[in-house]
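Fold and contact review
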Amino acid sequence: MISQRIRVCWGTGALGAALLMNAIGVLALFYMVSVLGIEPGLAGTLVFLTKLLDVVSDPIVGSWSDRIKSPAGRRRPFLLAGAFVSASAFALIFTTPVFNAQWLTAAYIFLALSTYTIGYTLFNVPYMAMPAEMTDSYHERSAIHGYRMVFIATGVFLATSISPLILDRLGRENWNAYAVIGAGGAAVILISMLTTYFGTARARFTDAGVERINVFRQFSPILGNPHFLRLIAVKAAQLLGIAASQATIVFFVVHYLRLPLTVLFFYGVVVTIVSTLATPLLVAISKRIGKRETYLLAAFCYLAGVSSWMLAGPGEPLPYILARGAIIAIAASGNIVMAMSMLTDTIEFDARRTGVRREGVYTAVYSFVEKFTFAMGPLIVGWAMQIAGFDRSLSDEALQTPEVGRALLLGMSYMPTFVGCVAILLLTRYRLTDRDLIKLRAASS
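Read on for a plain summary of the structure. This structure is a prediction, so every number in the text was calculated from the model and none was measured.

For the rest of this paragraph, the subject is the overall build of the chain. Along the backbone of the chain there are 15 helices and zero strands. Taken over the C-alpha trace, the chain has a radius of gyration of 21 Å; the compact-globule value for 445 residues is 22 Å, and the two agree within 12%. By principal-axis analysis of the C-alpha atoms, the chain measures approximately 70 × 40 × 35 Å. Burial status across the chain gives 60% buried among its 445 residues. Sequence separation of at least 24 residues holds for 85% of the intrachain contacts in the chain that already meet a minimum separation of 6. Of the roughly 16,500 Å² that the chain leaves accessible, carbon and sulfur atoms contribute 70%. Both charge centroids of the chain, one from 36 positive and one from 24 negative side chains, sit 8 Å from each other.

Structure follows, in structure tokens:
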């Protein structure tokens, strides 16, 4: 049984990770285009290219954290390094100097985004591997990820609500406003990640087993785990939709709905409250009807929420926007808690079957898929805006073309709706249950 203190301290790290990823996901494209003066297509390409580092960094960190021997446990040394690199990267990104030549500005932010990619990998890959070591309980895994969901909601709130509120007060095209976000966010990221490092010192840890996984052979056991492959395909589809909508949302509010960014503050309040309240309810539901079924329920909520943006228009009433936020918040809670709990189950499935613990390898693949989809979202949206003729020289009050409006709907609704349908179809084929794991435990004991 995991103590309450360890649950809270482990979950706290998700605040920093969520703030880091979501602030960059929501603000980076708008910041690069509207403040730094980078073309939308180039801005999206910069985000995408930096994520190619994960092809190398995620497998190396995952495999290394599986094999390392340390008095602090296999994972915790990486948390410490990741905390400092992640916080530094966040500050560097949002204090990017604006050079006279666009290529110099682009080169600087490319290096800053690359640092972010490395820092996030150092922290998040070992961090997400820890629950598989801390408990063998099928439903306790859902509970610990429930704590994580509360801190994720807080991080998302800071990224998607407080940050736009700061921009609305200080100026959404004001460089100094982003510098304030960079400095404040870096402090929060550092404190939350260090809390996890120090607060999990007494958590249960395990050894890798007899075999030592070579970094170049690490994908072979994953290919033999059908449950993991189905689950990661579901997450890839969902995350692509989330990444696209995050990259679009500031543009969508300003240029499509033609509303102030304070709308995102109220939207974030609703999302934070509803997702926090929904998390324990969804955990309880999963104990009755199963994890997959609860995950499907959340996936249908997501589909309903994102598809409804097609009906939105300029001056959209705030209650309609908040209602969408509530539906999407329920979906986010289910998607995160159930998916991560099921991920831990698929890791145990492999460990019981092979006798080798390689949590880091599995979470490295998950982390790579997460970051790759969050790179594809801005890439697609950025080029869609550029092809549609987005004019970054126009003021926020000036009308963009109808083609730009359709490009924004692509990121905010069309793409999330399509991949949401794909995710539901894939999820119906997931089969791993508690009874399967109980049989494996009995066979391996």
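On to the nonpolar core. Counting residues in hydrophobic clusters, the biggest one holds 133 residues, and the most contacted among them are Ile24, Met32, Tyr116, Val250 and Trp309. Once residues within four sequence positions are removed from consideration, Ile24 is found in contact with Phe90, Ile93, Phe94, Leu113 and Tyr116. Grouped together as the second largest cluster of nonpolar side chains are five residues, Val61, Phe78, Leu122 and Ala364 included.

Moving on, we come to helix H10 (residues 262-289). Along its 28 residues, H10 runs 39 Å from first to last C-alpha, staying within 8% of the 40 Å computed at 1.5 Å per residue. Of all the bends found along H10, the most pronounced is centred on Thr279 and spans about 30 degrees, while Pro280, a proline, follows it within four residues. Phi turns positive one or two residues past the end of H10, at Gly290, with a value near 105 degrees.

A separate point is the packing of helix H2 (residues 40-51) against helix H5 (residues 102-134). With their axes 9 Å apart at the nearest point, H2 and H5 run at an angle of 35 degrees to one another. The handedness of the crossing between H2 and H5 comes out as right-handed. Judged by residue contacts, Leu42, Leu46, Val47, Leu49, Thr50 and Lys51 of H2 engage Gln102, Ala106, Ile109, Phe110, Leu113, Ser114, Tyr116 and Thr117 from H5. Of the residues belonging to the contact of H2 with H5, the class tally is nine nonpolar, four polar and one charged.

Further remarks concern empty space enclosed by the protein. Any empty space left between atoms is shown by rolling a water-sized probe over those atoms. Throughout the structure, instances matching the rule amount to three cavities of 30 Å³ or more. Every residue lining the largest cavity is counted, 43 residues in all, and those nearest its centre are Asn22, Val156, Ile242, Gln246 and Ala332. Elements represented by at least two residues in the lining of the largest cavity include exactly helix H1 (4-35), H5, helix H6 (138-170), helix H9 (226-256), H10, helix H11 (291-307), helix H12 (318-354) and helix H13 (359-388). Broken down by element, the lining of the largest cavity gets its largest block of residues, eight residues, from H6. Residues of the lining of the largest cavity, tallied by class, amount to 30 nonpolar, ten polar and three charged. Looking at the second largest cavity, its volume works out to about 80 Å³.

A few words on the pattern of salt bridges. In this structure the tally under the stated criterion is eight salt bridges. The partner of Glu348 in a salt bridge is Arg441, and the shortest N-O contact between them spans 2.7 Å. Placement of the pair is Glu348 in helix H12 and Arg441 in helix H15 (residues 434-444), with a sequence separation of 93 residues. With relative accessibility at 6%, the residue Glu348 sits in the buried group. In this structure, the salt-bridge partner of Asp350 is Arg353, at a minimum N-O distance of 3.7 Å.

Non-glycine residue Arg258 carries a positive phi angle of around 55 degrees. Locating Arg258 in the fold gives a position in the loop between H9 and H10. Exposure remark for Arg258: the relative accessible area of 33% places this residue in the partly exposed category.

This paragraph deals with the environment of Ile336. Relative to the elements of secondary structure, Ile336 occurs in helix H12. The sequence separation of Ile336 and Leu259 amounts to 77 residues, and the corresponding C-alpha distance is 30 Å. If sequence neighbours within four positions are ignored, Ile336 has contacts with Arg148, Met149 and Ile152.

Aromatic ring pairs are described here by two measures, namely the spacing of the ring centres and the angle between the planes. In the structure shown here, the tally under the stated rule is 17 aromatic pairs. Ring geometry for Phe228 against Tyr362: centres 4.8 Å apart, planes inclined by 85 degrees, an arrangement best described as edge-to-face. One end of the pair, Phe228, is in helix H9; the other, Tyr362, is in helix H13, with 134 residues separating them in the sequence. The pair formed by Phe228 and Tyr362 is uniform in burial state, with each residue classed as buried. Geometrically, the ring pair formed by Phe265 and Phe266 is edge-to-face, given 5.4 Å between the ring centres and 75 degrees between the ring planes. Given a relative accessible area of 21%, Phe265 falls into the partly exposed group. Three or more aromatic residues link up through ring pairs in this structure, and these residues are Tyr31, Phe90, Phe94 and Tyr178. The ring of Tyr197 has Arg76 sitting right over it, with the charged end atom 4.3 Å from the ring centre.

Our focus in this paragraph is the packing of H9 against H12. One can describe the packing of H9 onto H12 by two numbers: an axis separation of 9 Å at closest approach and a directional angle of 155 degrees. On the basis of the axis angle, H9 is roughly antiparallel to H12. Remark: the crossing between H9 and H12 carries left-handed chirality. For the pair H9 and H12, the contacting residues are His227, Phe228, Leu231, Lys235 and Gln238 in the first and Asn335, Ala339, Met342, Leu343, Thr346 and Phe349 in the second. Taken together, the residues of the contact of H9 with H12 sort by class into six nonpolar, four polar and one charged.

Rules behind the numbers
Residues numbered from 1 in each chain as written. Predicted model: local features only at pLDDT ≥ 70, side-chain atom pairs only at ≥ 80, totals over all residues. Heavy atoms only, no water. Helix = DSSP H or I, 4+ residues; strand = E, 2+ residues; numbered from the N terminus. Rg over C-alpha atoms; globule rule 2.2 N^0.38 Å. Buried < 20%, exposed > 50% of the residue type's maximum accessible area, 1.4 Å probe, protein only. Contact = heavy atoms within 4.5 Å. Areas by Shrake-Rupley, 256 points an atom, 1.4 Å probe, with all protein chains shown as cover. Lys, Arg positive; Asp, Glu negative; His and termini not counted. Charge placed at Lys NZ, Arg CZ, Asp CG, Glu CD. Core = buried A, V, L, I, M, F, W, Y, C linked by side-chain atoms within 4.5 Å. Expected span 1.5 Å × (residues − 1). Bend = angle between axes of the 7 residues up to and from the residue. Axes fitted to C-alpha atoms, helices over the stretch in contact; angles between N-to-C directions. Left-handed = near helix turned anticlockwise from the far one by under 90°. Nonpolar A, V, L, I, M, F, W, Y, C, P; charged D, E, K, R; others polar. 1 Å grid on protein atoms, 1.4 Å probe; cavity = no way out; pocket = protein on both sides within 12 Å on 5 of 7 lines; lining within 4 Å. Points joined across faces, edges and corners; volume = space filled by probe spheres on them. Salt bridge = Lys/Arg side-chain N within 4 Å of Asp/Glu carboxyl O. Phe/Tyr/Trp six-rings, centres within 6.5 Å; stacked < 30°, edge-to-face > 60°. Lys NZ or Arg CZ within 6 Å of the ring centre and 35° of its normal. Parallel < 35°, antiparallel > 145°, perpendicular 65-115°, else oblique.

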